[in-house]
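Examining the three-dimensional arrangement
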Amino acid sequence: MIVLHDVKKHFTIGQQKRDILHIPEWQVKKGEQIAIVGPSGSGKSTLLHILSGMIQADEGVIEIDGQNITPLSEAKRDQIRSQHIGYIMQDLHLIPSITAQQNVEIVLKKTKGKLNNKEHIKAWFEKVQMSHYMQHLPSQLSRGQKQRVAIIRALINQPSIVLADEPTGSLDWETAGEVMRLLLKLSEAQQTSLIVVTHDKHLAQCFPKQLHIADFNAAIESATSFADKEVVQ
């Protein structure tokens, strides 16, 4: 579960301070699947970075599975992320010099023994219909195939929370829909809380719950009639 209380974040550009986030109250329940829409610069990616502990909020309470991460050191926040959070970044961050299988191996917690780990990885590649591509380098994969490898990396350690930043932003419409539905299916099977930020209101409609960032980010001056508001439930 995620709980935010009076969370604030600002950035300083030159001599000017800009408030990017102010979230008075917000909760995400275990297993919820939420799409967050809104225009560029509205704080969507900053929200994910703060939830993951990659950057620190200026003030407020951010509870991840009962622990407030706001006052923690960077090392402690990294530890929380490795234990509780899977993250699918917009640019994927696959290592180009190693295979798809090896890109997954480096994040897998070594708790099952070498043989069982390999079987576990193989089963996940089968789940995303990538079993024939395990030994391919990222350069030999399509963008959609790379995204499936990124999904495996985010989910394989069974985190309680998965965050995804525009995970289908560079995919064609059909492939984007396939990847998003796959992500929803896998996270539902694991009862993982899933938060995805996207510009695409049509993809957002795949989710049981959609929110406009202006609905809970008080730093945005007004909840305008931005077109995405039509999909909010």
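How each quantity is defined
- Residues numbered from 1 in each chain as written.
- Predicted model: local features only at pLDDT ≥ 70, side-chain atom pairs only at ≥ 80, totals over all residues.
- Heavy atoms only, no water.
- Pairing = 2+ DSSP bridges.
- Helix = DSSP H or I, 4+ residues; strand = E, 2+ residues; numbered from the N terminus.
- Contact = heavy atoms within 4.5 Å.
- Axes fitted to C-alpha atoms, helices over the stretch in contact; angles between N-to-C directions.
- Core = buried A, V, L, I, M, F, W, Y, C linked by side-chain atoms within 4.5 Å.
- Buried < 20%, exposed > 50% of the residue type's maximum accessible area, 1.4 Å probe, protein only.
- Parallel < 35°, antiparallel > 145°, perpendicular 65-115°, else oblique.
- Left-handed = near helix turned anticlockwise from the far one by under 90°.
- Nonpolar A, V, L, I, M, F, W, Y, C, P; charged D, E, K, R; others polar.
- Phe/Tyr/Trp six-rings, centres within 6.5 Å; stacked < 30°, edge-to-face > 60°.
- pLDDT = per-residue confidence, 0-100.

If you trace the four strands from one edge of the open sheet to the other, you get β2-β1-β4-β5, paired in antiparallel fashion. In this open sheet, the two strands that pair with only one neighbour each are β2 (16-28) and β5 (67-68). Where strand β1 (residues 2-13) meets β2, 11 bridges bridge the pair, whose relative direction is antiparallel. Paired with F11 across the two strands is R18, which belongs to β2. Of the strands in this sheet, β1, β2 and β4 (59-64) touch helix α1 (residues 44-52), which is tilted by about 65° from β2.

To continue, consider the nonpolar core. Note on soluble globular proteins: their nonpolar side chains tend to be buried together. Counting residues in hydrophobic clusters, the biggest one holds 37 residues, and the most contacted among them are I88, F125, V149, I151 and L183. Only β3 (33-37), α3 (100-105), α4 (114-127), α5 (143-155), β7 (161-165), α6 (173-189), β8 (193-198) and α7 (201-204) provide two or more residues apiece to this core. When residues in this core are grouped by element, the largest group, seven residues, is from α6.

Right, let's get into the packing of α5 against α6. Viewed as axis vectors pointing N to C, α5 and α6 meet at an angle of 15°, and their least axial separation amounts to 11 Å. As summarised for this structure, α5 and α6 are arranged roughly parallel, according to the angle between their axes. The chirality of how α5 crosses α6 is right-handed. Where α5 approaches α6, its residues G144, Q147, R148, I151 and L155 are matched on the opposing element by T175, E178, V179, L182, L183, L186 and S187. Considered class by class, the residues forming the contact of α5 with α6 number six nonpolar, four polar and two charged.

A word on the packing of aromatic side chains. With the rule as written, the count across this model stands at one aromatic pair. Plain terms: the ring middles of W26 and F216 are 4.5 Å apart, the flat faces sit at 10° to each other, and that makes the pair stacked. Of this pair, W26 sits in strand β2 while F216 sits in the segment after β9 (209-212), and the two are 190 residues apart along the sequence. The pair formed by W26 and F216 is uniform in burial state, with each residue classed as buried.

A few words on the side chain of S193. The residue S193 is located in strand β8 in this model. Residue contacts for S193: discarding those within four places in its chain leaves V28, K29, K30, G31, E32, S160, I161 and V162.

For the protein, mean pLDDT is 88; residues scoring 70 or higher make up 92% of the total. Every residue in residues 222-233 is under pLDDT 50, and counting partners more than four places away or in other chains gives 26 contacts.

In the Ramachandran plot, D65 falls in the positive-phi region, its phi being about 50° despite a non-glycine side chain. Note on D65: relative accessible area 33%, which makes it partly exposed.

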